[in-house]
Amino acid sequence: RLASAAAASASANSSERLEALYVSPEEKIGTVPCGAPAECFTLGVLMVELFWPEVASGAGGDIRHLLAAVLRPDGAGAAALRADPAEAAVARQLLQPVPNNRPSAAQAVELVATAACAISSAFAFSSAAADAAVAGNNVTAAAAAAAAAA
């Protein structure tokens, strides 16, 4: 029983630390009414968790550590973020500590949509080229690559 209670407590603490990441700086100190900028911040945290889970878990539930890892060029997450530059640029804009420096909700939608299109195009390109290469047809692979790039 003691072990299961300890496990439940550890799980609750882990969940609380994770939830703390989603609270924007302005929400945390209560200086600015929450709204779209706070939601954009939360979207940025979600992006980090989805694209770079090791960076999010490395923050240990501390938003200051997460921001340092993502926003600093020499931060703990810099190498991971360099692998996905388009997505990293969006996440960095959404995670700006000052609400007025974040994109508006409409701009955030546009940024995320642009990044999603880039991901989709890259995936379509690599899938078409891989399919053609598996078939052993280099001409088809080149044509698939050209079509995906267009």
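Residues numbered from 1 in each chain as written. Predicted model: local features only at pLDDT ≥ 70, side-chain atom pairs only at ≥ 80, totals over all residues. Heavy atoms only, no water.

> What is the right way to look at the overall build of the protein chain in this model?
Broken down by element type, the protein chain carries 9 helices and 0 strands. The secondary structure elements of the protein chain, listed N-terminal to C-terminal, are α-α-α-α-α-α-α-α-α. With 150 residues in all, the protein chain has 29% of them scored as buried. Considering only intrachain contacts with a sequence separation of at least 6, the fraction spanning at least 24 residues in the protein chain is 52%. Accessible surface, the protein chain: about 8,800 Å² in total, of which carbon and sulfur atoms supply 63%. (Helix = DSSP H or I, 4+ residues; strand = E, 2+ residues; numbered from the N terminus. Buried < 20%, exposed > 50% of the residue type's maximum accessible area, 1.4 Å probe, protein only. Contact = heavy atoms within 4.5 Å. Areas by Shrake-Rupley, 256 points an atom, 1.4 Å probe, with all protein chains shown as cover.)

> Just to check I follow, could you spell out helix α3 (residues 36–51) for this structure?
Along an α-helix, residues three or four apart share an orientation, since each turn contains 3.6 residues. In this model α3 runs 22 Å from its N-terminal to its C-terminal C-alpha over 16 residues, within 8% of the 22 Å that 1.5 Å per residue would give. Restricting attention to buried positions, one finds in α3 the residues A38, C40, F41, T42, G44, V45, M47, V48 and E49. (Expected span 1.5 Å × (residues − 1).)

> Quick question: what am I supposed to make of the packing of aromatic side chains here?
To describe a pair of aromatic rings, you give the distance between the ring centres and the angle between the ring planes. Under the criterion given, the structure shown has 1 aromatic pair. Judged by centre distance (5.4 Å) and plane angle (40°), the rings of F51 and W52 are tilted. Since its relative accessible area comes to 1%, W52 is described here as buried. (Phe/Tyr/Trp six-rings, centres within 6.5 Å; stacked < 30°, edge-to-face > 60°.)

> Looking at this structure, I do not really get the pattern of salt bridges. What am I missing?
Pairing is possible between side chains that carry opposite charge, provided their charged atoms lie close to one another. For the structure on display, the rule yields 3 salt bridges. As a salt-bridge pair, R64 and D62 come within 2.9 Å of each other at their nearest N and O atoms. (Salt bridge = Lys/Arg side-chain N within 4 Å of Asp/Glu carboxyl O.)

> Teacher, can you tell me more about the confidence of the model for the protein chain here?
The predicted coordinates should not be examined in detail at positions where pLDDT is low. Looking at the protein chain as a whole, the pLDDT averages 79, with 69% of positions reaching at least 70. Segment residues 2–12 is flagged for pLDDT under 50; beyond a separation of four residues in sequence, or across chains, it makes 0 contacts in the model. (pLDDT = per-residue confidence, 0-100.)

> Would you take a moment to explain a nonpolar patch on the surface for this structure?
On the surface, a cluster of nonpolar side chains totalling about 460 Å² of accessible area is made up of L43, L46, L50, F51, V112 and I119. At the level of secondary structure, the elements contributing two or more residues to the nonpolar patch comprise α3 and α8 (105–134). It is α3 that contributes the most residues to the nonpolar patch, 4 residues altogether. Mapping L46 onto the fold places it in helix α3. (Patch = residues over 30% accessible without salt bridge, like charges linked within 9 Å, V, L, I, M, F, W, Y side chains within 5 Å.)

> What is the right way to read the environment of Q96 from this model?
Topologically, Q96 is positioned in the loop between α7 (85–94) and α8. Measuring from C-alpha to C-alpha, the distance between Q96 and L71 comes to 8.1 Å, with 25 residues separating the pair along the chain. Not counting the four nearest positions on each side in its chain, Q96 is found in contact with F41, L71, N101 and R102. A polar contact of 2.9 Å, which involves the side chain of Q96, links it to the backbone oxygen of R92. (Polar contact = N/O pair within 3.5 Å; in protein donor to acceptor, adjacent residues only side chain to side chain.)

> Which parts of the structure should I look at to understand the side chain of E26?
For E26, the location among the structural elements is in helix α2 (residues 25–29). On the basis of relative accessibility, which here comes to 4%, the residue E26 falls in the buried class. Polar side-chain contacts of E26 include one of 2.7 Å to the side chain of R102. Not counting residues up to four positions away in its chain, the partners in contact with E26 are T31, V32, P37, A38, P97, P99 and R102.

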